[in-house]
Amino acid sequence: MSKTEIITFEKLPTNVEELKAVADLSSPFKTAALAVAAFANYGKDVQATVDMINYLKGPQPLSPYDIQFVRDRLAGKDYIMRSYFKGSSPENDYQPTAPYQVEVSDNPYSYTNEGYAVLYLTSSGADNPRPVTLRLKPSTGEWFLWQHTFLADIRQPQSENPWA
């Protein structure tokens, strides 16, 4: 049986202090949505975004390889992360409106590896939801970002599509 949660942010965090103020790591759904909110800041402030992601990764921060991976996926493509907010679409150049809502789902196979959860994020620019893997820290009951595979490219915004 699948479950879907809509996580709402009145304002998106722009630094690690703002992220910590709204962070609830007690649920993998909430941690997944927080990752979207944090990565959405990438085009505005790379270092602040890395700091926020490192907080969400818990005891295992981003490696230099991870930072390069993120840069390769998001540099000049701010629209990728905006596509995960409800109300965005290629036609409106992925411009969501506040409050910002992220749809996170699981499926019957999401928890097959003990201590991990593979959840799915809905993007308005992709045909299928994108996976994100979270890891449970049993001593605290907190869920942390483990793999951020949802940064793959999506359909271009209409304003950037030469064929539109």
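The present account deals with the structure reproduced in this document. All residue numbers here refer to positions counted from 1 along the written sequence of the relevant chain. Local features are withheld for residues below a pLDDT of 70 in this predicted model, meaning they are given only at 70 or higher, and side-chain atom pairs are given and counted only at 80 or more; totals for whole chains, interfaces and linings count all residues. The basis for every side-chain value is the complete set of non-hydrogen atoms in the structure, without hydrogens or water.

1. Focus: empty space enclosed by the protein
Item 1. Within this scheme a cavity is a closed region of a 1 Å grid, computed over the protein atoms alone, that accommodates a 1.4 Å probe without allowing it to escape, whereas a pocket is open but has protein on both sides within 12 Å along at least five of seven lines; lining residues each have an atom within 4 Å of a point. Grid points are joined across faces, edges and corners, and a volume is the space filled by probe spheres set on the points. Evaluated as defined, the whole model comprises 1 cavity of 30 Å³ or more.
Item 2. One number sums up the size of the largest cavity: a volume of about 40 Å³.
Item 3. Taken together, Phe39, Ala40, Tyr42, Gly43, Leu74, Lys77, Asp78 and Met81 make up the lining of the largest cavity.
Item 4. The residue makeup of the lining of the largest cavity, split by class, is 5 nonpolar, 1 polar and 2 charged. Think of it as three bins: nonpolar holds Ala, Val, Leu, Ile, Met, Phe, Trp, Tyr, Cys and Pro, charged holds Asp, Glu, Lys and Arg, and polar takes everything else, Gly as well.

2. Section: the sheet that holds strand 3 (residues 116-121)
Item 1. Two strands qualify as a pair provided that DSSP identifies no fewer than 2 bridges between them. Helix and strand assignments follow DSSP, with helices taken as H or I runs no shorter than four residues and strands as E runs no shorter than two, numbered in order from the N terminus. An order of 1-2-3-4-5 is seen for the 5 strands of this open sheet, with the pairing classed as antiparallel. Lying at the two open borders of the sheet, with one neighbouring strand each, are strand 1 (4-9) and strand 5 (142-147). Across the sheet, the mean angle separating the axes of adjacent strands is 40° when strand polarity is ignored.
Item 2. Here 2 bridges tie strand 2 (residues 100-105) to strand 3, and the two strands are oriented antiparallel to one another. For Ser105, the partnering residue across the bridge sits in strand 3 and is Tyr120.
Item 3. Here, residues are in contact when the closest pair of their heavy atoms is within 4.5 Å. Only the stretch in contact is used when fitting a helix axis, every axis being a line fitted to C-alpha atoms; angles between N-to-C directions are given from 0 to 180 degrees. Strand contacts of helix 2 (residues 28-39): strand 1, strand 2, strand 3, strand 4 (130-137) and strand 5, with the helix running at about 45° to strand 1, the strand carrying the most contacts.

3. Some thoughts on the side chain of Ser123
Item 1. Here Ser123 shows up in the loop between strand 3 and strand 4.
Item 2. Exposure categories follow from relative accessible area, calculated using a 1.4 Å probe and restricted to protein chains: below 20% of the type maximum is buried, above 50% is exposed, and the middle band is partly exposed. In this structure Ser123 comes out as buried when scored by relative accessible area, which is 4%.
Item 3. In protein, a polar contact requires one atom able to donate a hydrogen and another able to accept it; more generally it is a pair of N or O atoms within 3.5 Å, and residues adjacent in sequence count only if both atoms are side-chain atoms. In this structure the side chain of Ser123 is engaged in a polar contact, spanning 2.7 Å, whose partner is the side chain of Ser83.
Item 4. Contacts of Ser123, omitting those with residues within four sequence positions, involve Ser83, Tyr84 and Ile154.

4. Let's talk about helix 3 (residues 46-57)
Item 1. Working rule for helices: expected span equals 1.5 Å times residues minus one. Under the 1.5 Å per step criterion, the end-to-end length of helix 3 is 16 Å for 12 residues, consistent within 8% with the ideal 16 Å.
Item 2. Among the residues of helix 3, Ala48, Thr49, Val50, Met52, Ile53, Leu56 and Lys57 are the ones counted as buried.
Item 3. Packed against the buried residues of helix 3 are helix 1 (16-22), helix 2, helix 4 (64-74) and strand 5.
Item 4. Two to three positions downstream of the cap, the backbone nitrogen of Gln47 sits 3.3 Å from a side-chain oxygen, assigning the N-cap of helix 3 to Asp45.

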